[in-house]
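So the chains spell out like this:
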Amino acid sequence: MLLQRAVCRSWCRHMAEPLMPSYSASKYMKPRTILLRSLRSSPQHQRPARSGNLKTSPPFENYTLGGAIPRGTVMKAVIFTSAFSIGCFMSCTILEYENTRNMMIEKARLSRFPWLRQSTVSREQGVFTEIKQEVRGFWDKLSPGERVFMPLCALNVLVFGLWRVPSLRNTMMTYFCSNPAGRAICWPMFLSTFSHYSLFHLFANMYVLHSFSNAAVLSLGKEQFLAVYLSAGVIASLTSILYKTLTAQSGLSIGASGAIMAILAYVCAKYPDTQLSILFLPMLNFSAGAAIQVIIGVDLAGCLLGWKFFDHAAHLGGALFGLFWVYYGTELWQKRIPFLTMYHDLRKTKK
């Protein structure tokens with residue numbers, strides 16, 4: 001029954017999308033949704049701040065960022081990207097199953113024993129219980145996209161704070177920066193998507209993610225959204241490594257914008273008629289379809305012309321993955337059913 005419910009959720013979402021595109025786009029992406037370009041920085045091209053100020057200075061100014069790219073880097077990156085992406089989608093499939101199962105168990109328990117709810121409420125007293133109820137009330141008021149956005153934003157803020165701890169600088173440089181010439185190749189491809197160069201860099205990326213997360217979560221569901229977002233971050237890092245290897249230009253890359261570009265491209269391609277505007281320039285309106293075309297064009301030009309202020313290759317890789325998921329994502333997501341069936345059978349045997 002759990003398997004049927006999980007499949008039914010995906011099928012209902014897929015069948016309902018064509019019938020109510022205006023709902024998903026208009027309620028959670030208002031006609032004047034503010035658009036701000038997300039950033040994945042290449043720290044070697046940023047202006048260094050004054051030294052000695054840990055609150056404002058970037059932690060990259062005292063490090064050598066170049067170096068020769070070792071042989072085998074690309075192969076390691078490709079293998080890690082494949083394994084990580086498959087693992088993400090399998091993990092999110094299990095998460096979807098467990099969430100559905102827990103929801104059904106809770107509803108069945110309350111329907112059979114409705115007095116449990118009243119007795120539980122009567123026993124809950126004290127300061128901690130009131131705080132718990134307030135947090136739960138706050139959480140219930142969030143939109144579906146905000147419930148996914150909040151943990152992701154908290155992780156990015158946490159990593160931003162860890163960068164400002166002097167004793168952790170070497171560890172952060174090794175594992176939270178993607179660099180094809182670095183000592184570590186694989187895990188930095190993922191962990192670097194939570195690192196940011198400055199407070200403005202963090203704000204810009206989180207603002208864009210918040211702006212587009214609601215529409216994406218409504219279309220994909222939170223489990224599929226997480227799988228796409230996390231996989232897109234690693235795919236963007238892979239694209240950056242491929243570009244740097246082909247051009248023989250090593251260097252650090254950090255930022256969540258590769259993953260965010262996938263979400264932005266998905267929403268813009270899914271709802272191309274939605275009207276967007278630029279932050280601080282609300283009088284300029286344009287369609288989402290035109291916006292993603294311009295963004296991809298700029299990043300493509302940046303790769304061809306060798307612009308180095310942003311990691312244009314990572315932006316382009318994330319955006320192309322988002323477009324890929326618009327056209328082929330539904331079919332690929334349905335291929336999780338055999339694994340879901342196997343997990344369901346394994347879950348029953350462990351009881």
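Data block above holds the structure.
A brief look at the structure comes next. Along each chain, residue indices are assigned from 1 in the same order as the chain's sequence is written. Since the coordinates come from a predicted model, pLDDT governs what is reported: local features require at least 70, and pairs of side-chain atoms require 80 or more to be given and counted, while whole-chain, interface and lining totals use all residues. Water and hydrogen atoms play no part in the side-chain values, which are based on all heavy atoms of the structure.

Quick look at helix α12 (residues 288–305)
Every α-helix winds through 3.6 residues per turn, so residues three or four apart in the chain are directed the same way. What counts as a helix is a DSSP run of H or I of at least four residues, what counts as a strand is a run of E of at least two, and both are numbered from the N terminus. An expected span of 1.5 Å times one less than the residue number is assigned to each helix. The end-to-end C-alpha distance of α12, which contains 18 residues, comes to 26 Å, matching closely the 26 Å that a straight helix rising 1.5 Å per residue would cover. Residues Ala288, Gly289, Ala291, Ile292, Ile295, Ile296, Asp299, Gly302 and Cys303 constitute the buried set of α12. All buried residues of α12 fall inside an arc of 165 degrees around its axis, so they share one side. Turned more than 90 degrees away from the buried face of α12 sit Gln293, Val294, Leu304 and Leu305, all of them exposed. Just past α12, the residue Gly306 takes up positive phi, approximately 80 degrees. For every residue, the accessible area (1.4 Å probe, protein chains only) is compared with the maximum for its type, and the residue is labelled buried under 20%, exposed over 50%, or partly exposed between those bounds. The arc in question is the one traced by the directions running from the helix axis out to the C-beta atoms.

Focus on helix α6 (residues 144–163)
Its 20 residues give α6 an end-to-end C-alpha distance of 30 Å, which sits within 8% of 28 Å, the value for a rise of 1.5 Å per residue. The set of residues buried in α6 consists of Gly145, Val148, Phe149, Leu152, Cys153, Asn156, Val159, Phe160 and Trp163. Of the surrounding elements, those touching the buried residues of α6 are α7 (169–175), α9 (199–220) and α10 (222–247). Contacts were defined at the residue level, with two residues in contact if any of their heavy atoms lie within 4.5 Å.

Overview of the pairing of strand β3 (residues 281–287)
At least two bridges found by DSSP between two strands is the condition for calling them paired. As paired strands, strand β2 (residues 275–278) and β3 are joined by four bridges and run antiparallel to one another. When the sheet's bridge partners are listed, Leu276 is paired in β3 with Phe286. Adjacent in sequence and paired antiparallel, β2 and β3 are bridged by two residues, among which Phe280 carries a positive phi angle near 75 degrees.

Describing the pattern of salt bridges
Within this document, salt bridges are pairs made up of a side-chain nitrogen of Lys or Arg and a carboxyl oxygen of Asp or Glu, the two lying within 4 Å of each other. Within this structure, the stated rule accounts for two salt bridges. Where Arg336 meets Glu96, a salt bridge forms, and the shortest distance between an N and an O atom there is 3.1 Å. Linking Arg336 in the loop between α13 (312–334) and α14 (337–349) with Glu96 in helix α3 (residues 73–112), this pair joins segments that are 240 residues apart in sequence. An identical accessibility class is assigned to Arg336 and Glu96; each is buried. A salt bridge links Arg347 to Glu98; the shortest N-O distance between them is 2.8 Å. Here the residue Arg347 occupies a position in helix α14, and Glu98 occupies one in helix α3, the gap between them amounting to 249 residues.

Just geometry here; none of it tells us what the structure is for.
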